[in-house]
Amino acid sequence: MLRNALNVAARRPLVPQRSATTLAAGFPKVSRRLPTKYGGVYTVTLIPGDGIGKEITDSVKEIFEHVNAPIEWEQFDVSGVSNEGEALFNQAMDSLRRNRVGLKGILYTPIEGHLSWNVAMRQQLDIYASVVLCKSLPGVPTRHNNVDFAIIRENTEGEYSGLEHQSYPGVVESLKVSTRHKAERICRFAFDFALKNNRKKVTCVHKANIMKLGDGLFLNTFRRIAEDYKSSGIVANDMIVDNTSMQLVAKPGQFDVMVMPNLYGAIVSNIGAALVGGPGVVPGCNVGREYALFEPGCRHVAQDIMGTNKANPAAMILSATMMLRHLGLDSTANSIATATFDVLNAKKVRTADMGVERLSQPTQ
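Fair warning: this is a prediction, and the values are worked out from it, not measured in the lab.

Our focus in this paragraph is the packing of aromatic side chains. In this structure the tally under the stated criterion is 6 aromatic pairs. Ring geometry for Tyr128 against Phe189: centres 6.3 Å apart, planes inclined by 80°, an arrangement best described as edge-to-face. Linking Tyr128 in the loop between helix H4 (117-125) and strand E5 (129-135) with Phe189 in helix H5 (residues 180-196), this pair joins segments that are 61 residues apart in sequence. A relative accessible area of 2% places Phe189 in the buried class. Arranged with centres 4.9 Å apart and planes meeting at 15°, the rings of Phe191 and Tyr229 form a pair that is stacked. Of the two residues, Phe191 is situated in helix H5 and Tyr229 in the loop between helix H6 (214-227) and strand E10 (235-240); the sequence distance between them amounts to 38 residues. Per residue, the accessibility class of Phe191 equals that of Tyr229, and both read buried. These aromatic residues form a ring-pair network of at least three members: Phe191, Phe222 and Tyr229.

Here is the structure:
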C-alpha cells in the first residue's frame, strides 16, 4: 500500500498545490518559538508508542526517506505497558521541549498502575488544543458520504485532571476541574480555526443542563467569545453531548467545527472516526503556545492487531503531513497526502479495517 504511495509521491513535483481535502487546513499559529532547525533540517522527536505504533511510524520514516523530507528523528521507544521506563519518558519530554515538535503513536495506559503518559505530555507541555479531522473519503465507503468536520478538544483539564481520592472505603470522589482561562483559549482557538479554514459554523458540545457550574462556565464562555466573531459571519450554536452523539450518527453533515471539554472530545472523536472509516484514516494533532505534537486522531493502541500485518498506517501518515505543514513544508506535505489519498481512493490495496483480512506486506 505504502510503496504505491511512495512511488506516486516521488513522481509528483514538489510545488505548492491545493490539497484535495481539509487536511491542508491550517490551525492558528499559536506557537511563540520556532522548532529546532539545523542546516535546513528540522529535528523532530519521535515516540512510536505501544501496540501498532512502531509499525505505522516505520511507514512514515520510510516515506520521508524516499521523498528526502528534511527531517531528522530523535527516537525514544517509550512504553506504557509497564511501570518501568519513567527515565526514558523524561528523556523524551526533554527532547520535545528542545525540538518543540514531535510525532507519536499512542502509549498504553493500564487501568491499574501508573497515570497516563499521554495525558502527562499534554499537561506538562500545555498543548491544550487537540484537533481531529473527520472527512469522508471516496475510496472508503461508509453509511454517510457528506462528513467533513473538525473536532477541537480541550486537552489539559476537565475529567482528565487526574484528581481523585477515596474519601471513605467504597466512596470515591473524582474532581472535574474547569477554568475560565482554558475555556476561553480553546473557544478562541476553535473560532480562529474556523476563520483560517473558511468554515462557517462552530458548535459547542456540553452538558450544562446537569453540570451547571462546570459545563455552564464552558458554555457561557463560548457564547461570550462567539460575540467577538459575529462580524466574521461564523454561526455559533451549542448542543448537549448526548444529543450530539445521536445527531452525529443520524445527520453528520450539520457539523462543521465542534469545540468541547476533554472527555466529550474523546467520545466524539471516536464517533467521528467510525463515520468515515475507522481510526486508521483519521489524523490529528495537539498544539499549544510552545509545542506541537502530532498523533492519530483516535487514540487507540490496537494491541490486538500488533504484529499481525493488519494495521492501517494512513492516519499516522496524514498526521505526519500535518506536522510538515506546521514546519512550513507544504509542498512535501501535499505530495505525500495526495499520494496517500490516491492509494485509498483507487480501492486496489486495502488493509484489514477496509475489509481485507491480511496484507502480504504493510508497505506494499
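Next comes the rest of the description.
With the rule as written, the count across this model stands at 20 salt bridges. With a shortest N-O distance of 4.0 Å, Asp58 and Lys61 are connected by a salt bridge. You can see Asp58 and its partner Lys61 sitting in helix H2 (residues 53-66), 3 residues apart, about one turn around the helix. Owing to a relative accessible area of 28%, Asp58 belongs among the partly exposed residues under this scheme. Judged by its relative accessible area of 26%, Lys61 falls in the partly exposed class. Between Lys135 and Asp148 there is a salt bridge whose closest N-O contact spans 3.4 Å. In this pair, Lys135 sits in strand E5 while Asp148 sits in strand E6 (residues 148-154), placing the two residues 13 residues apart along the sequence. Overall, the relative accessible area of 25% leaves Asp148 in the partly exposed class.

Thresholds applied
Residues numbered from 1 in each chain as written. Predicted model: local features only at pLDDT ≥ 70, side-chain atom pairs only at ≥ 80, totals over all residues. Heavy atoms only, no water. Phe/Tyr/Trp six-rings, centres within 6.5 Å; stacked < 30°, edge-to-face > 60°. Helix = DSSP H or I, 4+ residues; strand = E, 2+ residues; numbered from the N terminus. Buried < 20%, exposed > 50% of the residue type's maximum accessible area, 1.4 Å probe, protein only. Salt bridge = Lys/Arg side-chain N within 4 Å of Asp/Glu carboxyl O.

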